[in-house]
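# Topology and contacts: notes
What follows is the residue order along each chain.
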Amino acid sequence: MTLDIFIPVMNKNKRHEIFTRLRAHNPEPTTELNYNSTFELLIAVILSAQATDKGVNKATVELFKAANTPEKIYALKETGLKKYIKTIGLYNSKAKNIIKACKILIDKHGSQVPEDRAALEALPGVGRKTANVILNTAFGQPTIAVDTHIFRVANRTGIAPGKNVVEVEKKLLKFVPEEFKQDAHHWLILHGRYTCIARKPRCGSCIIEDLCEFKDKNIE
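Described in the following lines is the structure provided in the data block.

Turning to the pattern of salt bridges, a few remarks are in order. Where charged atoms from two side chains of opposite charge come close, those side chains can pair. Per the counting criterion, the structure on display carries 12 salt bridges. Glu-213 is the salt-bridge partner of Lys-14, the closest N and O atoms lying 2.7 Å from each other. Placement of the pair is Lys-14 in helix H1 (residues 12–25) and Glu-213 in the segment after helix H10 (181–194), with a sequence separation of 199 residues. Across the pair, Glu-213 and Lys-14 agree in class, each one buried. Close ionic contact of Arg-117 with Glu-121 constitutes a salt bridge, the shortest N to O distance being 3.3 Å. Note that Arg-117 and Glu-121 are positioned in helix H6 (residues 117–121) at a spacing of 4 residues, about one turn of the helix. Overall, Glu-121 belongs to the partly exposed group, its relative accessible area being 33%. Look at the salt bridges and you will find they share partners, linking Glu-17, Arg-21 and Asp-210 into a network.

As structure tokens, this is what we get:
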């Protein structure tokens, strides 16, 4: 006689319960980047690539006091902009991209950040992830920007496993219940940043631990 072993599989009900709990814990999640306009958000997100939100906020608090429009930042030129962002990784290339992006915004978009994926991704320094953040956070579109935190959480929990960020994004858009899609990006990134951390996940204090498919849980 063989013994049937039940292997739990992430399903629709589990995903719904996961996001129900994340919403109850944090009803109005948002980005940890500081900004007061869509343009400021765009600049902050460009700067956040391979950098911490805390480090970006420390730099932009002074930058945005001096220049917070495409015209004003473009007037700084690369040399002037670098003085404000030199503490951020890859600041040389980021300064170059931001100045070019500001010129495009001025010339082609009336100095406004476009509410269009193709137009956003045409800006230097803006890839799919950055465009998704802007579309979601600034324009309220149910996009999901997959960064390293979300990629880890989606795979580790079993919510939306995938081999690359695009695959994970497509699966999240498919599997996340419609009522949660608008805020899913923020819930997952915060969960990955503070609970489901890379080296030693804090499973013992995780509000979705019993729903997670991660085999090597760290329960203390």
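Still more ground to cover, so stick around.
Packing of helix H7 (residues 128–137) against H10 leaves a shortest axis separation of 10 Å and a crossing angle of 125°. One finds that H7 runs oblique with respect to H10. Of the two possible hands of crossing, H7 and H10 adopt the one that is left-handed. In this structure, H7 uses Val-133, Asn-136 and Thr-137 to contact H10, whose residues at the interface are Lys-181, Gln-182, His-185 and His-186. Across the contact of H7 with H10, the residue classes tally to 1 nonpolar, 5 polar and 1 charged.

Reading the values: the criteria
- Residues numbered from 1 in each chain as written.
- Predicted model: local features only at pLDDT ≥ 70, side-chain atom pairs only at ≥ 80, totals over all residues.
- Heavy atoms only, no water.
- Salt bridge = Lys/Arg side-chain N within 4 Å of Asp/Glu carboxyl O.
- Helix = DSSP H or I, 4+ residues; strand = E, 2+ residues; numbered from the N terminus.
- Buried < 20%, exposed > 50% of the residue type's maximum accessible area, 1.4 Å probe, protein only.
- Axes fitted to C-alpha atoms, helices over the stretch in contact; angles between N-to-C directions.
- Parallel < 35°, antiparallel > 145°, perpendicular 65-115°, else oblique.
- Left-handed = near helix turned anticlockwise from the far one by under 90°.
- Contact = heavy atoms within 4.5 Å.
- Nonpolar A, V, L, I, M, F, W, Y, C, P; charged D, E, K, R; others polar.

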